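# Coordinate inspection notes
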Amino acid sequence: MTGTATAPLVEAAIIGGGPAGLCAALELARAGIRCLVVDRQHVLGGQLIKQTHRFFGSRSERAGQRGFEIGKQLAAELLQHDGVTVWLEGTAVGYYAEDRTLLVERDGALCRVHVEALILATGAAERALAFAGNDLPGVYGAGAVQTLMNVYGVRPGERAVMIGAGNIGLIVAYQLIQAGVEVAAVLEAAPAVGGYWVHAAKLARAGVPIMTSHSIVAALGTDQVTGVRATKLDAKWQPVQGSQFEVPCDLVCLAVGLSPLTELATLAGCQLAYVPELGGYVPWHDEEMQTTVPGVFVAGDAAGVEEASSAMIEGTLAGLAVVNYLRPHSQYAASRKRAAAQLAALRAGPTAERIRAGLLKLSDHRPRLAGTGGEGK
Amino acid sequence: MTRCSEQLGRAGTPEAADLARILPDDERLRRGPVAIIECFQEIPCDPCADACRRGAILAFDKITDLPRVDPEHCNGCALCVVRCPGLAIFVVDVSGDGDMGTVKLPYEYLPLPRPGDDVAALDRLGQEVCRGKIVAVQRPAAFDRTALVTVEVPREQALIVRGIRAGQGRRSDG
Amino acid sequence: MRIHDHPILEFRRGPEIEFTFEGQVLKGYEGEPIAAALHAAGVRVLRTTPSGRARGLFCAIGNCSSCYVVVDGVPNVRSCTEPLRAGMAVSRQHGLGELR
């Protein structure tokens, strides 16, 4: 069943109302271009709605403000503009590049929307980890723990073990303490934490052991988590014989990385590139965030897993590019350059080495022109 | 990045050698309260420089620069303490005549301590090193939900104490 | 397991309503995900797989299908995204859902 009667007349659609999608939509709205924002959730903001901590970056990325406030502000700014339609609890289920038709499922009905340009800002999904008992109730992704605690005010357990000491693991461990959950340990398989030192230092001050070169062997329990069996790892990341120990807990929180959500890009016919440093398969995109399908752009974690501040600027870049795509104008080059410089500044430090390596690889994967088939290299 | 200790590079907590690079000298410490920014990693972050109204945190060249305090301009007002996204800034005051000093630290847990409370004073690894007395707890709306806690400790612990444990535990309800 | 006081957040909840889980009357807030209300009531086991293993939440955002329950006779309901309504009859799903 398709309905076109309710489809708004828009020139562009943005799939995903998180930091990247909101910033992209803002550029379009400011340029007076009618656009549609589609998001699966019941509110705008994406992952921002769960972030209780203050953001890093600089003033233009709203540094120092708490994530959920940033989400609210971006949404409020967007909604001040006429010509913006927001569809919440809507799922974009397809895009047909040949006639530029977007398909959205909403309220049990399918809606066809014709668009001249599409921005995919669909974010990334949490990875699972293979270990015995990893399907037990009480083994939750870090995002799930945040959703329970910070969106619905439900304590996800009494005593947690966090797996992963990247920024997400360290931040969520702190938020667990704030929610009244004891964090028994953070286990990190690598010899050093992957997240910012200041996040780890906060946890250490709260007495949380951060156990590097340790990993989980099993989640214990029959129908719920009752504990974790862990092991030390040697310099070759192999379990050290006889080093296993158990930690009683009722919550195992996995923060072991994200993978870009690329289904819609694949459906649209975008070529993907496999770049581990960016989180796995990402839609190939140029510096203006355009994919291999004309008129289809990508921004945020869907373009490569990074940070919210970079997602915001990538959204801005994609938005600026679409404005120029639909209405070529002379100020584009200067605006683009400014945003690109901001993004480069964020990515200049030692902690962004991985991202820079990933982006370099991405440019190496530049696809051949259509008609010759296959990827670049 | 500058050479850092094993503990800092592995798990984010500075050791004495890392701290020595950023601590103001004894003479300045004895003169009055001063901010100590325990931020050692070149991450893209600069709100501290904006937070200071006295220009005591030097302006950043690049967003990834390490923050630097100008101890001559710092008066220990602690505005930066509640703005730092990493909760990495502390104001230390060992300028008094007696045996005691104070540490102002950011606090985002419940229950909030109250002035007069006797608390466990913790080092950077969460170990109790002494008892502390809460002198002040400030949490105005302008601090955006970060409380500024002033805890009195023996002066020789003022460069060590970086946390407190208030009440029986961290639980806020049943 | 509800959080009432939080150092950063204030929770705005809908009206408190009643629903049943496995025939037992429970309370929750209208509009919150079913799984949140169940979790708050101490229920973390949401279904069993065809091989008999207990499952609960995992992603809590509608991606993974770990949290299926039966609602008013309808199986394969993602309890992490489905909003709670008064009078819902929720039960654990055992094995694959029976479609009508």
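Cut-offs and rules
- Residues numbered from 1 in each chain as written.
- Chains lettered and ligands numbered in written order.
- Predicted model: local features only at pLDDT ≥ 70, side-chain atom pairs only at ≥ 80, totals over all residues.
- Heavy atoms only, no water.
- Helix = DSSP H or I, 4+ residues; strand = E, 2+ residues; numbered from the N terminus.
- Rg over C-alpha atoms; globule rule 2.2 N^0.38 Å.
- Buried < 20%, exposed > 50% of the residue type's maximum accessible area, 1.4 Å probe, protein only.
- Contact = heavy atoms within 4.5 Å.
- Areas by Shrake-Rupley, 256 points an atom, 1.4 Å probe, with all protein chains shown as cover.
- Lys, Arg positive; Asp, Glu negative; His and termini not counted.
- Charge placed at Lys NZ, Arg CZ, Asp CG, Glu CD.
- 1 Å grid on protein atoms, 1.4 Å probe; cavity = no way out; pocket = protein on both sides within 12 Å on 5 of 7 lines; lining within 4 Å.
- Points joined across faces, edges and corners; volume = space filled by probe spheres on them.
- Nonpolar A, V, L, I, M, F, W, Y, C, P; charged D, E, K, R; others polar.
- Pairing = 2+ DSSP bridges.
- Buried area = accessible area lost by both parts, 1.4 Å probe.
- Salt bridge = Lys/Arg side-chain N within 4 Å of Asp/Glu carboxyl O.
- Polar contact = N/O pair within 3.5 Å; in protein donor to acceptor, adjacent residues only side chain to side chain.
- Axes fitted to C-alpha atoms, helices over the stretch in contact; angles between N-to-C directions.
- Expected span 1.5 Å × (residues − 1).
- Domains from an automatic or database assignment.
- Parallel < 35°, antiparallel > 145°, perpendicular 65-115°, else oblique.
- Left-handed = near helix turned anticlockwise from the far one by under 90°.

Summing up its helical and strand segments, chain C has one helix and seven strands in all. Reading chain C from its N end, one meets helices and strands in the order β-β-α-β-β-β-β-β. Scaling as 2.2 N^0.38, a compact globule of 100 residues should have a C-alpha radius of gyration of about 13 Å, and chain C matches this with 14 Å. When burial is assessed residue by residue, chain C has 51% of its 100 residues classed as buried. In chain C, of all internal contacts separated by at least 6 residues, the share reaching a separation of at least 24 is 42%. Counting only carbon and sulfur atoms, one obtains 46% of the accessible surface of chain C, whose full area is about 4900 Å². With 12 positive and 10 negative side-chain charges, chain C shows a separation of 8 Å between the mean positions of the two kinds.

What follows concerns empty space enclosed by the protein. Overall, the coordinates contain eight cavities of 30 Å³ or more when judged by the stated rule. In this structure, the largest cavity occupies an estimated 260 Å³ of space. Forming the walls of the largest cavity are 21 residues, and the residues nearest its centre are Arg205 and Ala206 of chain A together with Tyr107, Tyr109 and Ile164 of chain B. For the lining of the largest cavity, the secondary structure elements donating two or more residues are α5 (197–205) of chain A together with β3 (100–107) and β7 (163–165) of chain B. Looking at the lining of the largest cavity residue by residue, the classes come out as 13 nonpolar, two polar and six charged. Within this model, the second largest cavity holds a volume of roughly 130 Å³.

Side chains on a regular strand alternate between the two faces of the sheet. Residue and element names in this part refer to chain A. Here four bridges tie strand β19 (residues 272–275) to strand β20 (residues 280–283), and the two strands are oriented antiparallel to one another. The partner of Ala273 across the bridge, within β20, is Val282. Hairpin connection between β19 and β20: a loop of four residues separates the two successive antiparallel strands, and Gly279 in this loop has a positive phi of roughly 110°.

Each side of the interface is counted separately: chain C has seven residues, and chain B has seven residues. Of all residues in chain C, Asp5, Pro7 and Ile8 of chain C give up the largest surface area on contact with chain B, accounting jointly for 80% of the area buried on that side. For the interface between chain C and chain B, the tally reads zero salt bridges. Linking chain C with chain B are two residue pairs in polar contact (both at pLDDT 80 or more), by the criterion used here. Residue classes in the side of chain C that touches chain B are distributed as three nonpolar, two polar and two charged.

Listed by partner, the interface residues are 40 residues for chain A and 45 residues for chain B. If you sort the residues of chain A by the area they bury against chain B, Arg54, Trp197 and Arg205 of chain A come out on top, with a joint share of 25%. Two residues, Glu69 of chain A and Arg145 of chain B, come together in a salt bridge whose shortest N-O distance is 3.2 Å. Viewed at the interface, chain B and chain A are joined by 19 residue pairs in polar contact (both at pLDDT 80 or more).

We now examine the sheet that holds strand β17 (residues 251–254) of chain A. Hydrogen bonds along the backbone pair up the strands of a sheet, which may run parallel or antiparallel. Residues and elements named next belong to chain A. Judged by pairing direction, the sheet is parallel, and its five strands sit side by side in the order β10-β17-β11-β12-β13 without closing on themselves. Single-partner strands in this sheet number two, and they are β10 (139–141) and β13 (210–212). Taking each pair of neighbouring strands and ignoring which way they run, the sheet shows an average axis angle of 20°. Those strands touched by helix α4 (residues 167–178) are β11 (159–163), β12 (182–188) and β17, and its axis lies near 170° from that of β11.

Here we come to helix α1 (residues 19–30) of chain A. Residue and element names in this part refer to chain A. Here α1 spans 16 Å end to end across 12 residues, near enough to the 16 Å set by a 1.5 Å rise per residue. Most of α1 is tucked away, with 11 of its 12 residues classed as buried. The set of residues buried in α1 consists of Pro19, Ala20, Gly21, Leu22, Cys23, Ala24, Ala25, Leu26, Glu27, Leu28 and Ala29. Residues of α1 that are buried make contact with β2 (12–15), β3 (35–38), α2 (67–79), β4 (84–87), β8 (117–120) and α7 (308–326). After α1 finishes, the residue Gly32 shows a positive phi value of roughly 75°.

Quick look at the domain arrangement of chain A now. As a measure of interface size, the accessible area lost when the parts come together is often cited. Residues and elements named next belong to chain A. Segmenting chain A into domains produces domain 1 (12–125 + 258–364) and domain 2 (128–254). Between the C-alpha centres of domain 1 and domain 2 the distance comes to 30 Å. Each partner contributes to the interface: domain 1 provides 10 residues, whereas domain 2 provides 14 residues. Taking both sides of the interface into account, the surface hidden between domain 1 and domain 2 amounts to around 960 Å²; carbon and sulfur atoms contribute 58%. Of all residues in domain 1, the largest losses of buried area upon contact with domain 2 belong to Lys50, His53 and Phe56, amounting jointly to 49% of the total for that side. Seen at the junction of domain 1 and domain 2, the total is zero salt bridges. Counting the contacts that link domain 1 with domain 2 gives seven residue pairs in polar contact (both at pLDDT 80 or more).

Residues and elements named next belong to chain A. Where α1 contacts α2, the two axes come as close as 9 Å, and the packing angle between them is 25°. With respect to α2, the axis of α1 lies roughly parallel. Here α1 runs over α2; the crossing is left-handed. Note on element contacts: α2 touches α1 through Gly71, Leu74, Ala75, Glu77 and Leu78, opposite Pro19, Leu22, Cys23, Ala25, Leu26, Ala29 and Arg30. Residue classes in the contact of α1 with α2 are distributed as nine nonpolar, one polar and two charged.

Residue and element names in this part refer to chain A. Where strand β14 (residues 214–220) lies against strand β15 (residues 227–232), six bridges are found, and the strand directions are antiparallel. Among the inter-strand pairings, Ile216 is bridged to a residue of β15, identified as Ala230. Hairpin connection, β14 to β15: the antiparallel pair is bridged by six residues, and Gly221 has positive phi, about 130°. Here four bridges tie β15 to strand β16 (residues 245–248), and the two strands are oriented antiparallel to one another. Note on β16: the bridge partner recorded for Arg229 is Glu246.

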